[in-house]
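The chain contents come next:
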Amino acid sequence: MADTPTPAYRVRRWTPRAKLTVLIFAVAVAALALAPAVTGAAFMDRAVALFVYILLAVTWNALAGYAGQVSVGQQGFFGLGAYVTIRLSDAGLPVFPSLVVAALVVGAIALPVSFVMLRLKEGEFAIGMWVLATLFHLLVNLDPLIQGETGVSLIALNAVPAETRNLVIYLMALVSAVAVISAMFLLLRSRIGAALQAIRDDEAAAHSVGVNVVRTKQVIFVFAAFGAALAGALWLAGNVSFQPKAYFSVQWMAYTIFMVIVGGIGTFEGAILGAVVFFLLETFLGGYGVWYLLVLGASAIVMALGFPQGIWGYLKSRHGLSLVMVGRHLEAPETKKSGAGSGWSADG
């Protein structure tokens, strides 16, 4: 008798749940784009803050959660994004294009910086990034335009009617958040995404199977710097005034780490969820001063002890919950005995 051919395994990149999630995401984005027609300036101001938090959380999660490069200096790029916006506007570039161009400029600056910083490993890299952020802060203070810690305002915004200004900043923040989330999704589904996770798990092993470790790290380093700079530029647009001490403050790093750890480091959905959780805590408790900080600290401790994988990490490990697929799902062939295939997930 001839041998029965063995059914082939199948790799799936999409599931019905993932397709539904993308559809819901698109509908939500459309609703947010139309929201200013029925909401006021207060809603748009708060929404801009949420979008900035998402930018910070998603890009830092890419760097630390997927590439394993734990930085505590992203506030340096955040502050540079705001500073370069001030400089470009002062040079005569229209104020709204300045926000995006500033982020691109900071991303370009991050490329040569990466050659130096990525030579550092683990704790050295984390502290080195903090030192780099402090250096950026000191250099910005030397600029006569900034007037030291006194700071300066984005004066060009005053020429734009308040209603128009609020709407444009809101839409720019929404588009920026959607673009960065989408870029992150596509990046993780590409060969770079697989390489990133290989480097995170074992850099030497990744190199041994042909992964270009340095180039892959540089891609995600520049991506994270660009995202932080864009967040800083948008924060400046919403608040107008620029004081270096506030923009280069380590509090931005503390908030970012809180969002990612609470949501679930190394999970695509976790960074977004963590940003929403932080935003809600700030919205409802921010007016209580020190109590707000105590709640943040207590929340971080509870999550670290009870849910070290974060909210989404817990849901994923305990219940297998995943809304999007950023990796691959290997399905075993169906057989007459079992009647159903089993699956192996490499969803990252």
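On a predicted model such as this, the values are computed, not experimentally measured, just so you know.

Definitions and cut-offs
Residues numbered from 1 in each chain as written. Predicted model: local features only at pLDDT ≥ 70, side-chain atom pairs only at ≥ 80, totals over all residues. Heavy atoms only, no water. Core = buried A, V, L, I, M, F, W, Y, C linked by side-chain atoms within 4.5 Å. Buried < 20%, exposed > 50% of the residue type's maximum accessible area, 1.4 Å probe, protein only. Helix = DSSP H or I, 4+ residues; strand = E, 2+ residues; numbered from the N terminus. Contact = heavy atoms within 4.5 Å. Salt bridge = Lys/Arg side-chain N within 4 Å of Asp/Glu carboxyl O. Phe/Tyr/Trp six-rings, centres within 6.5 Å; stacked < 30°, edge-to-face > 60°.

Student: Which parts of the structure should I look at to understand the nonpolar core?
Tutor: Across soluble globular proteins, nonpolar side chains show a tendency to be buried alongside one another. Ranked by size, the top nonpolar core spans 98 residues in total, and within it Tyr53, Phe77, Phe221, Phe242 and Phe268 carry the most contacts. It is helix α2 (residues 41-66) that contributes the most residues to this core, 18 residues altogether. Excluding residues within four positions of it along the chain, Phe221 makes contact with Leu63, Phe77, Ala110, Val113, Ser114, Met117, Leu118, Phe125 and Met129. Counting residues in hydrophobic clusters, the runner-up holds 5 residues, among them Ala195, Ile199, Ala206 and Val211.

Student: In this structure, what is going on with the pattern of salt bridges? I would like to understand it.
Tutor: Note on pairing: side chains with opposite charge can pair once their charged atoms come close. Evaluation of the coordinates by the stated rule reveals 3 salt bridges. For Arg46, the salt bridge is made with Glu282, and the minimal N-O distance between the two is 3.1 Å. Highlighted residues: Arg46 in helix α2 and Glu282 in helix α12 (residues 268-285), separated in sequence by 236 residues. Looking at Arg46, the relative accessible area reads 30%, which means it is partly exposed. Residue Glu282 is classed as buried on the basis of its relative accessible area of 19%.

Student: Where do I start with the packing of aromatic side chains in this structure?
Tutor: The geometry of two aromatic rings is summed up by the distance between their centres and the angle between their planes. Across all of its chains, the model carries 16 aromatic pairs by this definition. Measuring from centroid to centroid gives 4.9 Å for Trp235 and Trp252, while their planes differ by 80°, and the two rings are edge-to-face. With Trp235 in helix α9 (residues 213-239) and Trp252 in helix α11 (residues 251-263), the pair connects residues that are 17 residues apart, well separated along the chain. Comparing Trp235 with Trp252 shows no difference in burial state: the two are buried. With a centroid separation of 4.8 Å and an interplanar angle of 40°, the aromatic rings of Tyr255 and Phe278 are classed as tilted. Pair noted here: Tyr255 is in helix α11 and Phe278 is in helix α12, with a separation of 23 residues, a long-range link. Joined through ring pairs, the aromatic side chains of Tyr53, Phe78, Trp235, Phe242, Tyr247, Trp252, Tyr255, Phe258 and Phe278 make up one cluster.

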